Amino acid sequence: MALGLSVIFGVVRVVNFAHGEMMTLAMYLALLAFTALKLDPLVSMVPIAAVLFAFGYVMQAGLINPFINRPEHSQFMLLVAVALILVNVQLIIFGPDAKGVQTRYSFDSFQMGKIIVDASKVYAAGAALVVAAALFAFFRYTLLGKSIRACADNYHGALVVGLNVKRLYALTFGIGAACVGAAGAMLMAVIDVTPAIGPAYTLLAFVIVITGGLGSMPGALLGGLLIGLTEALGGVLLTPSAKSMFAFGLLVLVLLFRPQGILGKKPG
Amino acid sequence: MNRREFNKAAGAVAVGAAFSPLNVRAQARTLKVGVLLPRSGVQAGIGQDCHRVVGLAAGILKDLGLPGLEIMNGDTETNVDVARSRAERLISEGAQLLVGAFDSGQTTAIAQVAEQRGIPLVINIAAAPPITEQGYKFVFRNFPTAPMILGDAFANQLEIFQQTGQSPKTAVFMHVNDTFGAAMQKGFAGVLQKFPAIPYKLVDTIAYDPAARDLSVEVAKAKASNADALVMVSRLNDAILLTRELVKQRWTPQAILSMGPGWYEDQYLKTLTKLGDGPISFVPWFDPNKKLAKQLEAVHNKAFPEINLNTNHVYTFEALLIAADAFKRAGSADPKALADAIRATSIKDNVSPGPGIQFDAKGQNDKLKGSAVQNRGGKLVVVAPKEASEAKPELPVRPYDKR
């Protein structure tokens, strides 16, 4: 999920404040796929990512592109409005109650000595690594990926060499949204969904990408790992109710001593 | 009739109306009751559950010979500020009595409004003690305070340990970190001291975020304490999350003792099916042997066959019962007369365990008794206190991997 946010910001330079809400949309799609078609969330992840890709592409091409050169507060308000609309539509359709899926491995766990690991989380983590590897390969080895990176590196240069930047932006937003779609489907195997959970995950994604470096894909992975470990260790060693505090503490330290994030590039 | 005669007659009618003992309010046939519940937001499920009984109450109240209530609904959106503004709005729109609001934080805000505006508030559910410790004249609570819930919980635990021959030596206390959970946590240690016969010692206390989506760290910490019993104060979503984590982390405590909502709720039973069996909830419940409880359960089961009668229904119904009873006795919808009538309430034929509904000088029903309810085969079985029970308790909890 954080990877999607980082990809979108890194290329389009738009901060997607509807990220968490797009994730809950993907979670509800996974729920529908499970209840209607008995599709495991780790399987429905692929079509849901495709649906979210289309959603992201249309959103960027039809809604965000006109805002690209407008002040940042306009972009902010636009995406907050999208987030609110998504939450309320989900509330109308699915209601406020928490809904979950019960897969055949929902209650499984792996034991290694004294350590017990949740099977759903292991599978979801594996799927996340595959998605991340595919994304890295796409940006590094395909012509389209290289074009997108060119747009990110030098907007005017990309225009000069004849790249269709607006189309590439729409594709990038679509790819970022596909990452969110995959993340939402994977998360459905781990937690229950309610329309209200989006903002908390948007915030978490921000904490992760700012810690790792906004716009840096390896930074997003590192940030996710660091925030997860900080929360878990803070919870186990001190008090679980304050585990978010440790994540934000780490964020404050990063902002103080390395404002561009751990793997982020210094502006200019 | 000439002009003078007409004026005389009209004047006489006007004077008669002005000095009549029955003013317009007193002639009202129905009482306008503003029902404030969290029907959206985090507590939406519980708010909707409380509201189910609101529509069913009219028929039962009529059978009891009580007057009708005109219900005005208000959604607190699980938000203290919204609760306050909704209470203000309902009163402005003509509510003559308020009922609500499930959550202690929201109820505290509504109680302040009710007291300022001089409109009686009958609390259906809210356990934080300070609500009835403010010297309010218009606030009444037919629901036990956190210390009362805890006291009855320990008394019922002793009864259960005695009946089952089980006596856990250690326990870990986990609680949701909201107004209710914090109040229960504060009261827990103090009330435990008053029950020296309780066999277990607390080895750890773990608070967790009410909006948490993942409680694996919390359960890992609880498991590491190696306690015999798990004592809980939670809500619905976290109760489900905690149970899933208990299964995944392969830990079945000897006893799971809950002192709050969540573990006995239908959504919990439906979601977890056989994994939901075993926990014992120490909650304000209903006495299955009382006549009115049987009537309410029958009406409720007919309307909602998939849903068990529970705390939310019982205490919301009793709040409406108190309102209708007071309205009948007051013979008026005047707020002060209503408040005086509520203060003098004495309802013996009620639903909840204990001698009945009455209020002390602070507006608290201090005679309420808590029950112990065990999940068994998807059903809720009252196992204590003995005088309001329907079966014997079963301990230890059956291991999750053997179900």
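What counts as what
- Along each chain, residue indices are assigned from 1 in the same order as the chain's sequence is written.
- Naming scheme: in the order in which they are written, chains are lettered from A and ligands are numbered from 1.
- Owing to the predicted nature of the model, reporting of local features is limited to residues with pLDDT of at least 70; listing and counting of side-chain atom pairs is limited to 80 or more, with chain, interface and lining totals taken over all residues.
- Think of it this way: any DSSP run of H or I at least four residues long counts as a helix, any run of E at least two long counts as a strand, and we number them from the N terminus.
- Radius of gyration: over C-alpha atoms. The globule rule applied is 2.2 Å multiplied by the number of residues raised to the 0.38 power.
- Any residue whose C-beta has 12 or fewer other C-beta atoms within 10 Å is treated as exposed, any with 20 or more as buried, and any in between as partly exposed, C-beta atoms being built from the backbone.
- By the criterion used throughout, residues are in contact when their C-beta atoms, derived from the backbone, lie within 7 Å.
- Three categories are distinguished: nonpolar for Ala, Val, Leu, Ile, Met, Phe, Trp, Tyr, Cys and Pro, charged for Asp, Glu, Lys and Arg, and polar for the others, with Gly belonging to the last.
- Strand pairing is assigned whenever DSSP detects at least two bridges linking the two strands.
- Axes, fitted as lines to C-alpha atoms, cover a helix only where it is in contact. Angles between the N-to-C directions of the axes lie from 0 to 180 degrees.
- Each domain span listed reflects an automatic or database assignment of domains.
- Each crossing gets its hand from how the near helix is turned against the far one by less than a right angle, where anticlockwise is left-handed and clockwise is right-handed.
- The span one expects for a helix is its residue count, reduced by one, times 1.5 Å.
- Linking buried Ala, Val, Leu, Ile, Met, Phe, Trp, Tyr and Cys residues through C-beta atoms within 7 Å yields a set, and such a set is a nonpolar core.
- Scored between 0 and 100, pLDDT is the confidence that the predictor attaches to each residue.

Caption draft 1: Region of interest: the overall build of chain A. What chain A contains, in helices and strands, is eleven helices and two strands. Each helix and strand of chain A, placed in order from N terminus to C terminus, yields the pattern α-α-α-α-β-β-α-α-α-α-α-α-α. Computed over the C-alpha atoms, the radius of gyration of chain A is 19 Å, within 12% of the 18 Å expected from 2.2 N^0.38 for a compact globule of 268 residues. When the backbone C-alpha atoms are referred to their principal axes, chain A occupies close to 60 × 45 × 35 Å. Residues classed as buried in chain A amount to 48% of the 268 residues present.

Caption draft 2: Quick look at the overall build of chain B. Scanning chain B for helices and strands turns up 13 helices and twelve strands. What you see for chain B is a C-alpha radius of gyration of 23 Å, in line with the 22 Å of a compact globule of 403 residues. The principal-axis extents of the C-alpha atoms in chain B amount to approximately 95 × 40 × 40 Å. Relative to its full complement of 403 residues, chain B shows a buried share of 55%.

Caption draft 3: Region of interest: the interface of chain B and chain A. Taken together, the contacts link 24 residues of chain B with 19 residues of chain A. Looking at the side of chain B that touches chain A, the elements with two or more residues in it are α2 (44–52), β7 (201–208), α8 (216–224) and α9 (236–248) of chain B. Broken down by element, the side of chain B that touches chain A gets its largest block of residues, five residues, from α8(B). Here the residues of the side of chain B that touches chain A are counted per class, giving nine nonpolar, seven polar and eight charged.

Caption draft 4: Seen up close, the sheet that holds strand β1 (residues 31–37) of chain B. Residue and element names in this part refer to chain B. Across the sheet, five strands lie side by side as β2-β1-β3-β4-β5; this open sheet has parallel pairing. On the outer flanks of this sheet lie β2 (69–75) and β5 (139–141), each paired with one strand and no other. Between one strand axis and the next, the sheet turns by 25 degrees as a mean value, whatever way the strands run. Two strands pair when backbone bridges link them, and strand β3 (residues 97–100) and strand β4 (residues 121–123) are joined in this way by three bridges, in the parallel orientation. Opposite G100, over in β4, you have I123 as the bridge partner.

Caption draft 5: Summary view of the pairing of strand β2 (residues 115–118) of chain A. All names here are of chain A. Bridge count between strand β1 (residues 109–112) and β2: four bridges; the pairing is antiparallel. Its bridge partner being in β2, Q111 is matched across the sheet by I116. Between β1 and β2, which follow one another and run antiparallel, lie two residues, and G113 among them has a positive phi close to 65 degrees.

Caption draft 6: Representation of the domain arrangement of chain B in the model. Residues and elements named next belong to chain B. Taken domain by domain, chain B holds domain 1 (31–144 + 289–343) and domain 2 (147–284 + 371–402). Each of domain 1 and domain 2 has a C-alpha centre, and these two points are 28 Å apart. Across the boundary between the two partners, domain 1 contributes 16 residues, which contact 18 residues of domain 2. A breakdown of the residues in the side of domain 1 that touches domain 2 according to their chemical character gives nine nonpolar, seven polar and no charged.

Caption draft 7: How the structure looks around the environment of G234(A). Residues and elements named next belong to chain A. Here G234 shows up in helix α10 (residues 217–237). Judged by C-beta crowding, with 20 C-beta atoms within 10 Å, G234 ranks as buried. Counting along the chain gives 170 residues from G234 to I64, while the straight-line C-alpha distance between them is 39 Å. Ignoring any residue separated from it by four or fewer positions in sequence, one finds G234 in contact with A242, K243 and F246.

Caption draft 8: Geometry of the sheet that holds strand β12 (residues 379–384) of chain B. Residues and elements named next belong to chain B. Taken in spatial order, the seven strands of this open sheet run β7-β6-β8-β9-β10-β11-β12, and their pairing is mixed. Each having just a single partner strand, β7 and β12 make up the two edges of the open sheet. Strand after strand, the sheet turns through a mean of 25 degrees between neighbouring axes, direction not considered. Across the sheet, helix α7 (residues 179–193) touches β6 (170–176), β7 and β8 (229–233), and the angle it forms with β6 is around 150 degrees.

Caption draft 9: Seen up close, the packing of α10(A) against α8(B). At their nearest, the axes of α10(A) and α8(B) sit 9 Å apart, and the two run at 30 degrees to each other. Pair α10(A) / α8(B) crosses with right-handed handedness. Contact with α10(A), carried on its side by A232(A), G235(A) and V236(A), involves V217(B), A220(B) and K221(B) of α8(B) and no other residues of that element. Split by residue class, the contact of α10(A) with α8(B) holds four nonpolar, one polar and one charged.

Caption draft 10: Representation of helix α8 (residues 165–188) of chain A in the model. Under the 1.5 Å per step criterion, the end-to-end length of α8(A) is 34 Å for 24 residues, consistent within 8% with the ideal 34 Å. Burial of α8(A) is extensive: 22 of the 24 residues sit out of reach of the surface.

Caption draft 11: Seen up close, the environment of L84(A). Note that L84(A) resides in helix α4 (residues 72–94). For the pair L84(A) and G100(A), spaced 16 residues apart in the sequence, the C-alpha separation amounts to 22 Å.

Caption draft 12: Main features of the nonpolar core. Counting 132 residues, the largest nonpolar core has L98(B), I110(B), L121(B), L320(B) and A323(B) as the members making the most contacts within it. Per-element accounting of this core gives the leading share, twelve residues, to helix α12 (residues 311–330) of chain B. When residues are assigned to domains, this core turns out to be shared by domain 1 (31–144 + 289–343) and domain 2 (147–284 + 371–402) of chain B, each giving three or more. In this view, L98(B) contacts G34(B), L36(B), A87(B), L90(B), I110(B), A114(B), I119(B) and L121(B); residues no more than four positions away in its chain are not counted. With 83 residues, the next largest nonpolar core counts M1(A), A2(A), I210(A) and F246(A) among its residues.

Caption draft 13: Structural context of unusual backbone geometry. Residue and element names in this part refer to chain B. Residue P385 is bonded to the preceding A384 through a cis peptide linkage, with omega at 0 degrees. Here P385 shows up in the segment after β12. Note the cis peptide between L395 and P396, where omega equals 0 degrees. Along the polypeptide, P396 turns up in the segment after β12. Phi is positive for E77, which is not a glycine, with a value near 55 degrees.

Caption draft 14: The packing of helix α9 (residues 198–212) of chain A against α10(A), seen in detail. All names here are of chain A. The N-to-C vectors of α9 and α10 enclose an angle of 115 degrees; their axes lie 7 Å apart at closest approach. In terms of crossing hand, the pair formed by α9 and α10 is right-handed. Listed contacts from α10 to V207, I208, V209, T211 and G212 of α9 are G219, A220, L222, G223, G224, L226 and I227. Partitioned by chemical class, the residues of the contact of α9 with α10 number seven nonpolar, five polar and no charged.

Caption draft 15: Region of the structure containing the confidence of the model for chain B. Residues of chain B with pLDDT of at least 70 account for 93%, and the chain-wide mean is 90. As scored by the predictor, the complex reaches a pTM of 0.75 and an ipTM of 0.78.

Caption draft 16: Main features of the environment of G62(A). Structurally, the position occupied by G62(A) is in helix α3 (residues 41–64). Separated by 108 residues in the primary sequence, G62(A) and A170(A) place their C-alpha atoms 9.0 Å from one another.

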